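What follows is the residue order along each chain.
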Amino acid sequence: MKALVALILLVQLPIHKAVPAAPPAPLGCDDPESEAAAAVAVNYINDHSHHGYKFALNRIENIRMVPQGPNNNIIFLELDLLETKCPILSPTPLENCTVRSFAEHAVEGDCDVKLQKVDGIVSVLASKCHSHADSNEDVLKVCPDCPLLARLNNTEVLETVSAALNDYNSKTTESYLRLLEIGRAKIQYHPGHIIVTEFAVGATNCSAEEAKANVGACQLLPEDQSNFGFCTAVMVKRPSQDLQVDCQLYGHQPGVTYIHPSQDTSAGLAPSAVGFTNHNLGLAHNNPVASESSSSEILRSMLSAKSVTKRAVAEAAQHDKVPRPVGFVPPPPPCPGKIRHFDI
């Protein structure tokens with residue numbers, strides 16, 4: 001009888017099931033952790049870009065975190081970037097680089113980045129970017145008289161760069177400079193005809209005087225002595241004729257190299273820049289030391305993350321249709337984040 005009572009009591013005892021750990025709260029685009037990951041991503045993008053200008057963060061469009069284990073998460077970021085005035089070869093830290101204003105014909109970059117955070121350390125696994133200049137129509141709405149970006153291989157642009165570099169080399173007592181690439185150019189036709197160009201240069205193993213005798217023998221300095229710089233030139237064709245050139249050499253920067261285009265084109269332009277007004281950020285890079293090195297696997301996971309995010313946004317929109325009490329103020333959506341400069 002006692003055994004039967006004990007069995008009944010045992011059956012009646014509550015059974016405590018293991019409660020699974022709650023998933024981490026979703027990150028908002030303006031959360032400190034999101035911004036820290038974005039900073040790592042932007043630095044990685046600039047470090048692996050070889051042409052044009054540095055880009056700065058404008059907005060975190062979306063973020064998604066996927067737990068992989070204790071203190072181990074995969075982070076997917078969608079970023080909006082804006083071109084700065086700092087050439088990619090410039091030693092100026094990104095935080096000191098000025099973003100080009102809307103009226104200066106801004107260039108926007110769109111990036112998808114996959115990162116991993118292990119024990120608080122964030123590293124990039126892969127990134128995929130492209131960039132484009134704002135439309136002429138949008139610029140002219142804000143500034144009807146502003147000059148617009150010209151194609152980098154425009155004949156007048158090439159003539160201006162050639163004349164400017166020849167003018168500089170004819171007057172300098174320092175190293176003879178060679179053109180690396182044209183960065184950007186703008187042409188104004190009214191009230192005057194003015195061409196403004198920006199271009200990267202490299203010092204050679206010849207003095208300007210030695211180059212006069214045999215310019216073909218002048219080669220860029222070797223990597224351990226390299227000295228890159230940047231020039232701006234303004235050519236006025238009408239109403240009067242004038243040419244102004246300003247060049248600045250950065251001095252040797254250990255570890256900084258210039259990647260020449262895979263094939264020769266006019267003015268040293270990469271094939272992707274010929275016929276366009278800006279160097280395409282066009283970065284698709286996989287970190288060779290990352291734990292995931294398969295480009296196809298990384299690309300698939302990035303696309304999958306975007307589809308999941310879109311589905312979540314759609315579900316949230318459907319949820320917002322539920323009737324709310326009078327006076328209810330919904331919290332701001334976690335994404336997209338704040339615009340740091342301007343929207344284009």
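Residues numbered from 1 in each chain as written. Predicted model: local features only at pLDDT ≥ 70, side-chain atom pairs only at ≥ 80, totals over all residues. Heavy atoms only, no water.

Draft legend 1. Quick look at the overall build of the protein. Across its full length, the protein holds 6 helices and 10 strands. Burial status across the protein gives 40% buried among its 344 residues. Of all intrachain contacts in the protein linking residues separated by at least 6 positions in sequence, the fraction that spans at least 24 positions is 71%. (Helix = DSSP H or I, 4+ residues; strand = E, 2+ residues; numbered from the N terminus. Buried < 20%, exposed > 50% of the residue type's maximum accessible area, 1.4 Å probe, protein only. Contact = heavy atoms within 4.5 Å.)

Draft legend 2. Highlighting the packing of aromatic side chains. Considering all chains together, one arrives at 2 aromatic pairs under this definition. Here the aromatic rings of Tyr53 and Phe230 are separated by 6.0 Å at their centres, their planes lie at 80 degrees, and the arrangement is edge-to-face. Placement of the pair is Tyr53 in strand 1 (residues 53-69) and Phe230 in strand 8 (residues 228-238), with a sequence separation of 177 residues. Pair check on accessibility: Tyr53 and Phe230 agree, each one buried. With a centroid separation of 5.9 Å and 80 degrees between ring planes, the pair formed by Phe102 and Phe342 is classed as edge-to-face. With Phe102 in the loop between strand 2 (72-87) and strand 3 (107-118) and Phe342 in the segment after helix 6 (295-319), the pair connects residues that are 240 residues apart, well separated along the chain. (Phe/Tyr/Trp six-rings, centres within 6.5 Å; stacked < 30°, edge-to-face > 60°.)

Draft legend 3. Main features of the side chain of Ser90. By secondary structure assignment, the location of Ser90 is in the loop between strand 2 and strand 3. Of note is the side chain of Ser90, whose polar atom sits 3.1 Å from the side chain of Thr92. If we skip the residues at most four places from it in the chain, Ser90 touches Lys54, Tyr250 and Gln253. (Polar contact = N/O pair within 3.5 Å; in protein donor to acceptor, adjacent residues only side chain to side chain.)

Draft legend 4. Highlighting the nonpolar core. Judged by nonpolar contacts, the single largest core of 32 residues is most densely connected at Leu77, Leu79, Leu81, Cys111 and Val113. The set of elements that each furnish at least two residues to this core consists of helix 2 (32-47), strand 1, strand 2, strand 3 and strand 4 (121-133). Leu79 has contacts with Ala38, Ala41, Val42, Leu57, Arg59, Ile60, Gly109, Asp110, Cys111 and Val113, leaving out every residue within four places of it along the chain. Ala164, Leu177, Ile195 and Ala233 belong to the second-largest nonpolar core, a separate cluster that totals 17 residues. (Core = buried A, V, L, I, M, F, W, Y, C linked by side-chain atoms within 4.5 Å.)

Draft legend 5. Fine view of helix 2. The end-to-end C-alpha distance of helix 2, which contains 16 residues, comes to 23 Å, matching closely the 22 Å that a straight helix rising 1.5 Å per residue would cover. Taken residue by residue, helix 2 has Ser34, Ala37, Ala38, Ala41, Val42, Tyr44, Ile45 and Asn46 as its buried positions. (Expected span 1.5 Å × (residues − 1).)

Draft legend 6. Region of interest: the sheet that holds strand 6 (residues 175-188). Read across the open sheet, the 5 strands follow the order 5-6-7-8-9; overall the sheet is antiparallel. Looking along the sheet, the strands with just one partner apiece sit at the ends: strand 5 (148-149) and strand 9 (242-249). Pairing of strand 5 with strand 6, which is carried by 2 bridges, proceeds in the antiparallel orientation. Residue pairing for strand 6: Leu148 is matched across the bridge by Ile187. Against the sheet, helix 4 (residues 155-171) makes contact with strand 6, strand 7 (193-207), strand 8 and strand 9, and its axis sits at roughly 145 degrees relative to strand 6, the strand it touches most. (Pairing = 2+ DSSP bridges. Axes fitted to C-alpha atoms, helices over the stretch in contact; angles between N-to-C directions.)

Draft legend 7. Broad picture of helix 4. Here helix 4 is 17 residues long and its end C-alpha atoms lie 25 Å apart, about the 24 Å a rise of 1.5 Å per residue gives. Close packing links the buried residues of helix 4 with strand 6, strand 7, helix 5 (208-213), strand 8 and strand 9.

Draft legend 8. How the structure looks around the confidence of the model for the protein. Of all residues in the protein, 75% attain a pLDDT of 70 or more, and the chain-wide mean is 84. Within the protein, helix 6 has the poorest average pLDDT of any element, 51, and strand 2 the best, 97. Residue range residues 292-296 is modelled with pLDDT below 50. Its contacts to residues more than four positions away, or to other chains, number 6 contacts. (pLDDT = per-residue confidence, 0-100.)

Draft legend 9. Local environment of the state of the cysteines. This model, assessed by the stated rule, comprises 6 disulfides. What pairs with Cys86 in a disulfide is Cys97, and their sulfur atoms sit 2.2 Å apart. Judged by the sign of its S-S torsion, about -105 degrees, the bond between Cys86 and Cys97 is left-handed. Pair noted here: Cys86 is in strand 2 and Cys97 is in the loop between strand 2 and strand 3, with a separation of 11 residues, a long-range link. With respect to burial, Cys86 and Cys97 carry one shared label: buried. Put simply, Cys111 and Cys129 are joined by a disulfide, and their sulfur atoms are 2.1 Å apart. Residues Cys111 and Cys129 are joined through a disulfide that is right-handed, its torsion about the S-S bond being 115 degrees. One end of the pair, Cys111, is in strand 3; the other, Cys129, is in strand 4, and 18 residues separate them in sequence. Across the pair, Cys129 and Cys111 agree in class, each one buried. (Disulfide = S-S within 2.5 Å.)

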